[in-house]
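Structure assessment
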Amino acid sequence: MDGSTNELQQLQAKIAKLQSELSDYQLQVSELEKAKLQLQQTLKLTEEKLHATLDGTGLCLWEQDIPSGILTMYNQEWGALLGYTLEERPAHIDSWKSHLHPEDKDWVIKAFYDHVEGKENVYRAVHRMIHKDGSVSWVSDRGRIIEFTQNGQPKRIMGTHTDITQEKRYEQELARLAHYDPLTNLLNRNALKNHYQKNFKHPQAKGALIFIDLDGFKGINDKAGHRIGDLLLIHVANTISQTAKTMLDKGQHAIARIGGDEFVILTTVHQAEILTPFTQTLLQQFNHPTTIEQHKAQIGLSIGVCAFSASTTFAYAYEQADKAMYQVKQQGKHDVVFVSLL
């Protein structure tokens, strides 16, 4: 009996000890679960703050497993950047490559692999991508290798992808305003001069500068108002552009609005047998009144044409065409005078 009692007491003691240890373990598990829950809540809050911050900037965090090519986007769904669902476009580097703009594709892929292969310290590229609807998006990409395999091969790369389409459009609009007349969307004088220097620098180059001044425009502008005047200028610009496109198609040409009612055409066409019918057609198109919103406007064109060679400066060709145009003004207007420097 005594032996059995001792064994029973020892067994009870062991059970009590195990129960105490189990209770301690349960308490530790409970504490760990609480700590885990707190970490999860902290992580969720941190992710929400991160997403809110990144979403406000248009910046997206991405990571790529280099061996598999699988992409992970941390604060946006893959595909949403270009209008696709995950089912339509899997998160993979091949999908990214397939939506690079054709003109940017080769150099962007090269920039990416130059970093992966260790030729560059970082991957960076500002480039275009094709949206599902066919539109073009501008993005700024940056990335860096963050993990290598035991053999020293690149394993993971992480970076940022920022949509800068609006910034690029603003930049392009500023550039457009710097080179184009905002009313007619024709070139301005500086842009025309740049066109001259770029396209007539070859020693054998020849061309013509055609200076057009409207006859009677000021009176219409004063009488009918600036709005009708602006619409008339747009009509003249469109007429000149369309006629040049049709009749000067054998050469390159650029058209500018220089002043209030002055237009200039630069063309590689210098032959009189082409320029004469072209200028006569322009004159004929304004032989009769033009109706602008029920306002009849009768204007004429005084045209001076200067044919030149590459040795002629833009300023001198411009001056000679301008003088020819004033000669038309003095002789009765709505006509053309030719000057040749060839």
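Everything quoted here is computed from the prediction, not taken from an experiment.

The next thing to look at is the pattern of salt bridges. One pass over the full model with this rule turns up 15 salt bridges. Aspartate 65 is the salt-bridge partner of lysine 155, the closest N and O atoms lying 3.6 Å from each other. Taken as a pair, lysine 155 in strand E5 (residues 154-163) and aspartate 65 in strand E1 (residues 59-65) lie far apart in primary sequence, 90 residues in all. Assessed through its relative accessible area of 28%, lysine 155 is described here as partly exposed. The exposure class of aspartate 65 is partly exposed, given its relative accessible area of 23%. The salt bridge involving arginine 257 is made with aspartate 181; its shortest N-O contact spans 3.1 Å. Taken together, the residues arginine 257 in strand E7 (residues 253-257) and aspartate 181 in the loop between helix H4 (165-179) and helix H5 (189-199) connect sequence positions 76 residues apart.

A separate point is the sheet that holds strand E3 (residues 123-130). Taken in spatial order, the five strands make up an open sheet running E2-E1-E5-E4-E3, and their pairing is antiparallel. The two strands at the open ends of the sheet, each matched to only one other strand, are strand E2 (70-73) and E3. Going across the sheet, the axis of each strand differs from the next one's by a mean of 30 degrees, ignoring polarity. Running over the sheet, helix H3 (residues 105-116) touches E1, E3, strand E4 (136-148) and E5 and is turned about 150 degrees from E3. The sheet contacts of H4 involve E3, E4 and E5, and relative to E4 the element is tilted by about 130 degrees.

If you walk across this open sheet you meet the five strands as E7-E8-E6-E11-E12, and the pairing is mixed. The open sheet has two edge strands with one neighbour each: E7 and strand E12 (335-340). Each neighbouring strand pair of the sheet contributes to a mean axis angle of 15 degrees, computed without reference to strand direction. Both E7 and strand E8 (residues 262-267) contribute to a ladder of five bridges, which runs antiparallel. Across the sheet, residue histidine 253 finds its bridge partner in E8, namely threonine 267.

Our next topic: the UniProt feature "domain: GGDEF" (unreviewed entry) in the protein. Taking the numbering used here, the UniProt-annotated feature "domain: GGDEF" (unreviewed entry) corresponds to residues 205-341. The annotated region residues 205-341 carries 45% helix and 31% strand content, and the separation between its end C-alpha atoms amounts to 13 Å.

Each aromatic ring pair is characterised by the separation of its centres together with the angle its planes make. One pass over the full model with this rule turns up nine aromatic pairs. When the ring of tryptophan 96 is compared with that of phenylalanine 112, the centres are 5.8 Å apart and the planes differ by 50 degrees; the resulting orientation is tilted. You can see tryptophan 96 sitting in helix H2 (residues 93-98) and its partner phenylalanine 112 sitting in helix H3, a full 16 residues away along the chain. Take tryptophan 96 and phenylalanine 112: they sit in the same class, and that class is buried. Arranged with centres 5.3 Å apart and planes meeting at 35 degrees, the rings of tyrosine 196 and phenylalanine 200 form a pair that is tilted. Site record: aromatic cluster; members linked through ring pairs are Tyr196, Phe200, Phe211, Phe308, Phe314 and Tyr318. Across the ring face of tyrosine 318, the terminal group of arginine 189 is positioned such that the distance to the ring centre comes to 4.2 Å.

What counts, and at which threshold
- Residues numbered from 1 in each chain as written.
- Predicted model: local features only at pLDDT ≥ 70, side-chain atom pairs only at ≥ 80, totals over all residues.
- Heavy atoms only, no water.
- Salt bridge = Lys/Arg side-chain N within 4 Å of Asp/Glu carboxyl O.
- Helix = DSSP H or I, 4+ residues; strand = E, 2+ residues; numbered from the N terminus.
- Buried < 20%, exposed > 50% of the residue type's maximum accessible area, 1.4 Å probe, protein only.
- Pairing = 2+ DSSP bridges.
- Axes fitted to C-alpha atoms, helices over the stretch in contact; angles between N-to-C directions.
- Contact = heavy atoms within 4.5 Å.
- UniProt positions renumbered as here; feature names shortened; annotations may be inferred.
- Phe/Tyr/Trp six-rings, centres within 6.5 Å; stacked < 30°, edge-to-face > 60°.
- Lys NZ or Arg CZ within 6 Å of the ring centre and 35° of its normal.

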